[in-house]
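As a plain string of letters, each chain reads:
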Amino acid sequence: MDVSPILDNLNEAQREAVSAPADNQLVLAGAGSGKTRVLVHRIAWLIQVERVSPYSIMAVTFTNKAAREMRGRLEQLLGDTLAGRTRSMWVGTFHGIAHRLLKAHWQVLKLPQNFQILDSDDQLRLIKRISQGLQLDETRWPPRQAQWFINAQKDEGLRPDYIQETGDPHQATMLAIYRGYEEACRRGGLVDFGELLLRAHELLLNNPDILAHYQQRFPFLLVDEFQDTNTIQYAWLRVLAGATGKVSAVGDDDQSIYGWRGAKIENIQRFQHDFGNVQTIRLEQNYRSTGLILKAANHVIANNTGRLGKELWTDGKDGDPIALYAAFNEQDEARFIVDNINRWVDEGNSFNSCAILYRSNAQSRVLEEALLRENMAYRIYGGQRFYDRLEIKNALAYMRLLVNRDDDTAIERVINTPTRGIGNKTIETIRLFAREQGCSLWQAAQNMVNSSHLSARAANAVGAFIALINALDEACTDQTLPDIADTTLKQTALLEFHRNEKGEKGQARVENLEELVNACRAFDPNNLATPADTDTGETSLLVQFLDNASLDAGESQADEFDDAVQLMTLHSAKGLEFPRVFMAGVEENLFPHKMTLEDPSQLEEERRLCYVGITRAMVQLTISYAESRRMYGNENHNRISRFVREIPSECIQEVRLKTDVQRPAGFATRTNGSLQDQGEGTGLDLGQRVIHSIFGEGVIIHFEGQGNSARVQVNFDNEGSKWLVLQYANLTPA
DNA sequence: CGCGTCGTGGTTTTT
DNA sequence: CCACGACGCG
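Reference entry: report on the structure contained in this document.

Conventions adopted
Residues numbered from 1 in each chain as written. Chains lettered and ligands numbered in written order. Predicted model: local features only at pLDDT ≥ 70, side-chain atom pairs only at ≥ 80, totals over all residues. Heavy atoms only, no water. Helix = DSSP H or I, 4+ residues; strand = E, 2+ residues; numbered from the N terminus. Buried < 20%, exposed > 50% of the residue type's maximum accessible area, 1.4 Å probe, protein only. Contact = heavy atoms within 4.5 Å. Areas by Shrake-Rupley, 256 points an atom, 1.4 Å probe, with all protein chains shown as cover. Near = heavy atom within 4 Å. Polar contact = N/O pair within 3.5 Å; in protein donor to acceptor, adjacent residues only side chain to side chain. Nonpolar A, V, L, I, M, F, W, Y, C, P; charged D, E, K, R; others polar. Salt bridge = Lys/Arg side-chain N within 4 Å of Asp/Glu carboxyl O. Arc of directions from axis to C-beta. Core = buried A, V, L, I, M, F, W, Y, C linked by side-chain atoms within 4.5 Å. Pairing = 2+ DSSP bridges. Axes fitted to C-alpha atoms, helices over the stretch in contact; angles between N-to-C directions. Parallel < 35°, antiparallel > 145°, perpendicular 65-115°, else oblique. Left-handed = near helix turned anticlockwise from the far one by under 90°.

1. Digging into the overall build of chain A
Reasoning step 1: On a plain count of helices and strands, chain A comes out with 28 helices and 21 strands.
Reasoning step 2: Relative to its 734 residues, chain A shows a buried fraction of 55%.
Reasoning step 3: Partitioning the contacts of chain A with sequence separation of at least 6, the portion at a separation of at least 24 is 74%.
Reasoning step 4: Accessible surface, chain A as shown: approximately 32,400 Å² in total, 47% of it carbon and sulfur.

2. Concerning the protein's contact with DNA strand B
Reasoning step 1: The environment of DNA strand B is made up of 29 residues, and the closest members are Arg359, Asn361, Arg385, Asn416 and Thr569.
Reasoning step 2: Considering the 4 Å shell around the protein, atoms of DNA strand B inside it are sugar or phosphate in 54% of instances.
Reasoning step 3: One of the side-chain N or O atoms of Arg359 is found 2.6 Å from a base oxygen in DNA strand B.
Reasoning step 4: Between a sugar or linking oxygen of DNA strand B and a side-chain N or O atom of His593, the distance comes to 3.4 Å.
Reasoning step 5: Sorting the residues of the surface near DNA strand B by element identifies helix H25 (570-573) and helix H26 (600-614) as the ones contributing at least two each.
Reasoning step 6: The residue inventory of the surface near DNA strand B, partitioned by class, reads seven nonpolar, 17 polar and five charged.

3. Section: the protein's contact with DNA strand C
Reasoning step 1: Near DNA strand C, the surroundings consist of Lys128, Glu138, Arg365, Arg630, Tyr632 and Gly633.
Reasoning step 2: In DNA strand C, the atoms that sit within 4 Å of the protein are 53% sugar and phosphate, with bases accounting for the remainder.
Reasoning step 3: Arg365 is positioned such that a nitrogen or oxygen atom in its side chain is 3.0 Å from a phosphate oxygen of DNA strand C.
Reasoning step 4: Looking at the surface near DNA strand C residue by residue, the class counts come to one nonpolar, one polar and four charged.

4. What to know about the pattern of salt bridges
Proximity of charged atoms lets side chains of opposite charge pair with each other.
Reasoning step 1: Following the criterion strictly, the structure yields 47 salt bridges and no others.
Reasoning step 2: A salt bridge links Arg307 to Asp254, with the nearest nitrogen and oxygen atoms 2.8 Å apart. Of the two residues, Arg307 is situated in the loop between helix H13 (291-301) and strand E9 (322-329) and Asp254 in the loop between strand E7 (246-251) and helix H12 (267-274); the sequence distance between them amounts to 53 residues.
Reasoning step 3: The exposure class of Asp254 is buried, given its relative accessible area of 2%.
Reasoning step 4: Among the ionic pairs, Glu412 bridges to Arg431, the shortest N-O distance being 2.8 Å. With a gap of 19 residues between them, Glu412 in helix H17 (residues 408-414) and Arg431 in helix H18 (residues 424-437) connect regions that are remote in the sequence. With respect to class, Glu412 is no different from Arg431; both count as buried.
Reasoning step 5: Shared partners join several salt bridges into a network, and the residues in it are Asp119, Asp121, Asp122, Arg125, Lys393, Arg400, Asp407 and Arg413.

5. Looking at helix H19 (residues 441-450)
Two residues of an α-helix separated by three or four positions point the same way, owing to the 3.6 residues in each turn.
Reasoning step 1: Residues Leu441, Trp442, Ala444, Ala445 and Met448 constitute the buried set of H19. The buried residues of H19 occupy an angular sector of 160° when the element is viewed end-on, so they sit on one face.

6. Looking at the nonpolar core
Reasoning step 1: Counting 54 residues, the largest nonpolar core has Tyr387, Leu396, Met399, Ile430, Phe465, Leu516 and Phe545 as its most contacted members.
Reasoning step 2: The greatest single-element share of this core, amounting to ten residues, is contributed by helix H20 (residues 456-476).
Reasoning step 3: Among residues more than four places away in sequence, those in contact with Leu516 are Phe386, Tyr387, Ile392, Ala395, Leu396 and Phe545.
Reasoning step 4: If you look at the next biggest cluster of nonpolar residues, it comprises 43 residues, including Leu111, Phe218, Trp236 and Val239.

7. Points about the pairing of strand E10 (residues 354-358)
Reasoning step 1: Within E10, five of the five residues are buried, which leaves it mostly tucked inside the rest of the structure.
Reasoning step 2: Side chains Cys354, Ile356 and Tyr358 project from E10 onto one buried face, and the interleaved Ala355 and Leu357 project onto a second face that is buried too.
Reasoning step 3: Where E10 and strand E13 (residues 578-583) come together, four bridges link them in parallel fashion. In the sheet register, Ile356 faces E13, and the bridge partner there is Phe582.
Reasoning step 4: Here four bridges tie E10 to strand E12 (residues 565-569), and the two strands are oriented parallel to one another. Residue Leu357 lies in a different strand from E12, and its bridge partner there is Met568.

8. Some words on the sheet that holds strand E1 (residues 25-29)
Reasoning step 1: Reading across from one edge, E3-E2-E6-E7-E1-E8 is the order of the six strands in this open sheet, with parallel pairing throughout. Strands at the two margins of the open sheet, each flanked by one partner only, are strand E3 (90-93) and strand E8 (279-283). The sheet shows a mean angle of 15° between the axes of neighbouring strands, direction not considered.
Reasoning step 2: Packed on one face of the sheet, helix H2 (residues 12-19) meets E1 and E8 and runs near 150° to E8.
Reasoning step 3: Along the sheet, H12 makes contact with E1, E7 and E8, crossing E1 at roughly 155°.

9. What about the packing of helix H16 (residues 390-403) against H20?
Reasoning step 1: Here H16 crosses H20 at 75°, and the two axes come no closer than 10 Å. For the element pair H16 / H20, the angle class is roughly perpendicular. Contacts from Tyr398, Leu401 and Leu402 in H16 reach Phe465, Leu468, Ile469, Leu472, Asp473 and Cys476 in H20.

10. Observations concerning the environment of Ala549
Reasoning step 1: Topologically, Ala549 is positioned in helix H24 (residues 541-551).
Reasoning step 2: The class of Ala549 is buried, set by a relative accessible area of 8%.
Reasoning step 3: Along the primary structure Ala549 and Cys439 are separated by 110 residues, whereas in three dimensions their C-alpha atoms are 27 Å apart.
Reasoning step 4: Other than its neighbours up to four places away in sequence, Ala549 contacts Tyr387 and Leu396.

11. Examining the packing of H20 against helix H21 (residues 481-491)
Each pair of packed helices can be summarised by the angle the axes make with each other and by the distance between the axes.
Reasoning step 1: Remark: H20 packs on H21, axes separated minimally by 10 Å, with the N-to-C direction vectors making an angle of 150°. Comparing their axes, H21 and H20 come out roughly antiparallel. As for how H20 packs across H21, the hand of that crossing is right-handed. Where H20 abuts H21, its residues Leu468, Ala471, Leu472, Ala475 and Cys476 lie against Ile484, Thr487, Thr488 and Gln491.
Reasoning step 2: Considering only residue class, the contact of H20 with H21 consists of six nonpolar, three polar and no charged.

Here it is as structure tokens:
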């Protein structure tokens, strides 16, 4: 067997990981160390050298993107040898695979065959209704909090009956909502994300024959991003592996940034204990960043305790030092970044080689405004995803009703969208009736139209709705998926409804709806992140499409190929890399965020987030912070983040503006603005302290325009920042 | 039912 | 400060 294609071009550690004995292994893969590569080559090794059938391999990831990438690269690496048999391998997300198990064993689980997946939006709506049903005051018991509670319990594998009651009234209320919610899900055949995992776990735990089947089928399990597994995922994996299954766990404890939503970094250590004979391999050679960037990252993360220990290194160049810029305020910071991008692009680089990373989404606004002012194309990641959009969810709700009339969440969503005279009053009456009868809203509505439970007008409207759905169903029989979508949009008048919406919003929504039809046309069940078994022939294309829409929300935005600056939070940057990275707002209280300062473990997670941020940069990293930042309406003076202080000074070069104006103490010397915007010839300078007869003292933060129209933005100590026309402002240096 | 006003809350996000 | 949701009026 010629193993060279599998082992060539791997470094020693990678090779060791790929060719390790077919046993349990833990691969600690540092940022940019070729993790996916190792995973993919490991699978190839198992198949070609260890002669493991692809049929016996399961590979689990967290995101659909990662699953798709893995499958793609796998097919690329051994497409020929496998001759299409990659399909028999299970590659997917935890949720996708759990879904597949539930679909295969719906009868055992006492689920309706076409159970629907509840996304977090649907979940929240449902919880709201449960709370209302329990007569709870929404301000005292915020549905969001209940949702958080329920999901946290499910992540820990806890059903209501297993939760220890503490006698705490708050817990009691949350539990009551949880119970009501579970009942509603059971009645409606609804399964939320946590439930998918929980059920998949229970399926194996409670059915020895089924467990034995899967244990035999999958003697080899591979898990990506192991540091992100939560309690239930870990438990599921452990059950599935049993005494004989071999697990390759790949992850990086230093990049664990999802503890706040249940990920258990400890699972890595537990894995070493719970699974026998674990060989641990570290991938520390980095192929992404320059030496100084890696040095900075290593020093920052070294401040965390309890690490498994890893140090990135490169045999590449040291590269440029990290640039550090002290901005006056967030506007100045944004302008600085934009200026730098301009210069970078002037040097022949592309816009999409630049990423601006920030801790919280609120920071993006100022940055966007600055980019907009410069007419610079940008793309924000992590916005609303395609299948999460209101208009799309409405359309999907209609399509769900075609599959299952008893889907209450779907009815709730569209019974009066577009408006058809079924007001809140009527809906509430139907809900009440349904609750009394223990039936679905659809059944209740049908019943009430035929009896005289409703006013003539309401009965008319509800009857029309029922007729509409039935007629739509009829019209869609035997139609292709895109035709079903198209017919739905037209017959329900959704398209019309949004077309009549005023403003650009309606326009965008119509376009999205048209895009939905395209998505239906392009839908290929064989090309999913987690493809269904070939033996699920009973499931209609429509059902598969709907399931996929719930499990894979689609990329947040199109225009992937535009040359645009990339904006995103540090969290969503994980796994990505960019030649030029700007980390903005690196200040105490913002990053680390002030909510984390009290708790050492949360603070360490912030530090890992910083580590993730630094290691995104390939060529040049620029860190900036603002000495003054407007947050929630008032001015904040934050100190530079402790994380910056953890970077060795030889890795950093402070950016200073060339200027000879004296600065008041406390302000870093200003640097590098674009020259025409610095108020030349006005006797004033950016960053200068000035006095205004009415507003008092402040600092100049912007210049704009020339001559008579020249304006200046001054950040006044007591009045906030204001734009003034220079000619009339009568500013004197302080 | 649709629009306006008031009040509140405001890390991070995938599935 | 600003965005979103609840509530009340025409």
